[in-house]
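One letter stands for each residue in the lines below.
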Amino acid sequence: MWHVNCLLRYYTMENTLKPNQVAQTIRIDILPRFDEITHSSGFSDSTAEEERTLLNADDYQYLFQNSYDATLLTNTSGQVMIANARAEEMLQCDEQHLCEMSMVQIVSGLDQQLLDSIVAQLDRARFMRISAWVARLSGDPFPAEIAVSRLMRQDTTLLSFFIRDETVRRKAEDDLRTIYNTVQNAGTGMAVADTDGRLIHINPALRRMWQLRDDVNAVDLSLADLVGEVTATAIMQICAPGSQTTWNQEIPLHLGDDDPLWVQVSAAINLDPDNIPTGVVLSFLDVSDRMRAEAIDRLRDRDRVMAQSLGAVCHHLGQPTTVLLSSIEMLRSIKEDDKTTLETLLEISLEAAEEVRQILRRLNDLDVYNPVAYASTVNDETPSEIVSLGGDETTVPAATSQPD
């Protein structure tokens, strides 16, 4: 005898059953045992032919041939008496071969002892629902939901097995389970909101990002509670007809007394199977570290520009200032009667002062930051730069001292 592990789940208690209850259902999950499935029967029930005559009536045939589910009628021992066209298609086996088989051979993991238990349970509940694997004639199994009920006709007791292929539903459930686990374990905060901006679901990462308590439910929050009324209104505009179906922006959030939390908010419209908007799906990525790094880079660039600007002032004013100071020193030592030398030094001083004035004007008019390499460091691995005062120069010559 097969050793079958099965789980019985009773949805109605024995002491609450009433004779007139018609929705009593017991569910059984049967674990498959594909290696023990065979397709040879050897049934020789002497009453089989007699019972089968009862199934040739028009009402039975109409029920069977128009049923959406694969439908099998068996005796209480599980031997198939009749099968509809849907069963032949689903099990890939014609009715003649099916009538040579038992449900023990069709349902993987089902044995005679368990089948007898099912028959006994049908004395208490009108329906039995079995979640199991069913084998086709080729041996290819598929997940199925089987509804079993007892059919009384005259003095004959029959069992009705309604088999529904659950392959598509099982795959959809597996996909949904995978997606749910992905959302729940994602490091990015994720949420779903309806068309009114009320939150339907939030994942643990979003809870941590907003420092929400465990007793705070998604339905108690709105999108405006997370990002503010103005931003929430802008996001929900993607649900309007003719609008963009996505929204992306980086926004600062002030949570408590800490520094602002910079979050990249991405939203996409959520559509039902009829392409009707049902809300938005949102993701929240903490970009605070990147924003702080960019702020530091901006400070460094500002300091570099300041240093280069000061260097430019020193470089460009250094030579004419030196000339001017030297001329003044020489003027102090020249005698008054040496007018030629005085006039020459005065002319040099005036030219130097004019050059200083022109440099100051160009610095004042400078509105484009254009660094160029300092001539003495062009061949260095990391040449120094200095701010250009305009013109087409690509390098600035190194400062030289004015000879005496």
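Owing to the predicted nature of the structure, the values given are computational and were not obtained by experimental measurement.

Trainee: Just give me the short version of the overall build of the protein chain, but keep the residues and values in it.
Mentor: Broken down by element type, the protein chain carries 12 helices and 16 strands. By the burial criterion, 34% of the 404 residues in the protein chain qualify as buried. As displayed, the protein chain offers around 24600 Å² of accessible surface, 52% of which is attributable to carbon and sulfur atoms.

Trainee: Go over the pattern of salt bridges with me, naming the residues and quoting the values.
Mentor: Taken as a whole and assessed by the stated rule, the structure comprises 14 salt bridges. For D175, the salt bridge identified is with K171, shortest N-O distance 3.0 Å. Remark: K171 and D175 occur in helix α7 (residues 167–185); sequence separation between them is four residues, near one turn of the helix. Here the salt bridges do not stand alone but share partners, grouping R136, D140 and D165 into one network.

Trainee: Run through the sheet that holds strand β13 (residues 277–286), naming residues and quoting values.
Mentor: An order of β10-β9-β13-β12-β11 is seen for the five strands of this open sheet, with the pairing classed as antiparallel. Each of the sheet's edge strands pairs with one partner strand only, and the pair in question is β10 (199–202) and β11 (246–253). On average, adjacent strands in this sheet sit at an angle of 20° to one another, irrespective of strand direction. Across six bridges, strand β9 (residues 189–194) lies against β13 in antiparallel orientation. For D194, the partnering residue across the bridge sits in β13 and is G279.

Trainee: Outline the nonpolar core, supporting the account with residue identities and numerical values.
Mentor: Formed by 32 residues in total, the largest nonpolar core has its most connected members in L72, L98, M103, I106, I146 and I163. In this view, I163 contacts D69, A70, L72, M90, M103, V134, A144, E145 and I146; residues no more than four positions away in its chain are not counted.

Trainee: Hey, could you go over the packing of aromatic side chains for me, with residue numbers and the actual values?
Mentor: Counting across every chain of the model gives one aromatic pair. An angle of 80° between the planes, with centres 5.0 Å apart, marks the rings of W210 and F284 as edge-to-face. On the criterion of sequence distance, the pair formed by W210 in helix α8 (residues 204–210) and F284 in strand β13 is long-range, its members being 74 residues apart. Judged by relative accessible area, F284 falls into the buried class, the value being 0%. Stacked on the ring of Y68, the Lys or Arg R86 has its end atom at 4.6 Å from the ring centre.

Trainee: Explain the confidence of the model for the protein chain to me, using residue names and the numbers behind them.
Mentor: Per-residue confidence for the protein chain gives a mean pLDDT of 77, with 72% of residues at or over 70. Within the model, pLDDT remains below 50 along residues 36–44, and this stretch shows 18 contacts once partners closer than five positions in the same chain are excluded. A low-confidence stretch, residues 399–404 stays under pLDDT 50, and its non-local contacts, those more than four residues away or across chains, total six contacts.

Trainee: I'd love a proper account of helix α12 (residues 339–365), names of residues and values included.
Mentor: Spanning 27 residues, α12 covers 39 Å between terminal C-alpha atoms, matching the ideal 39 Å at 1.5 Å per step. Where α12 is concerned, the buried positions are L345, S349, A352, V356 and I359.

Quick notes on the rules
For every chain, the first residue of its written sequence is number 1, and the numbers climb from 1 along that sequence. Totals for whole chains, interfaces and linings use all residues, but because this is a predicted model, local features are given only for residues with pLDDT of at least 70 and pairs of side-chain atoms are given and counted only at 80 or more. Heavy atoms throughout the structure, all of them, feed into the side-chain values; hydrogens and water do not. Only DSSP runs of H or I reaching four residues or more are called helices, and only runs of E reaching two or more are called strands; each is numbered from the N terminus. The cut-offs for exposure are 20% and 50% of the maximum accessible area for each residue type, with area from a 1.4 Å probe on protein chains only; residues under the lower value are buried, those over the upper are exposed, and the others partly exposed. With residues, only the protein chains shown are counted as cover, and all accessible areas are computed by Shrake-Rupley using a 1.4 Å probe. In what follows, salt bridge is the name for a side-chain nitrogen of Lys or Arg lying within 4 Å of a carboxyl oxygen of Asp or Glu. Strands qualify as paired when DSSP identifies two bridges or more between them. Angles here are taken between N-to-C directions and fall from 0 to 180 degrees, while the axes themselves are lines fitted to C-alpha atoms, restricted in helices to the stretch in contact. Nonpolar core, defined: a set of buried Ala, Val, Leu, Ile, Met, Phe, Trp, Tyr and Cys residues in which side-chain atoms within 4.5 Å join the residues together. Contacts are assigned to residue pairs with any non-hydrogen atoms lying within 4.5 Å of each other. Each Phe, Tyr or Trp ring (for Trp, its six-membered ring) is paired with any other whose centre lies within 6.5 Å, and the angle between the two planes then decides the class: stacked below 30 degrees, edge-to-face above 60, tilted in between. Placement of a positive charge over a ring is assigned whenever Lys NZ or Arg CZ falls within 6 Å of the ring centre and within 35 degrees of the normal to the ring plane. pLDDT expresses how confident the predictor is about each individual residue, on a scale running from 0 to 100. Given a helix with a known number of residues, its expected span is that number minus one, times 1.5 Å.

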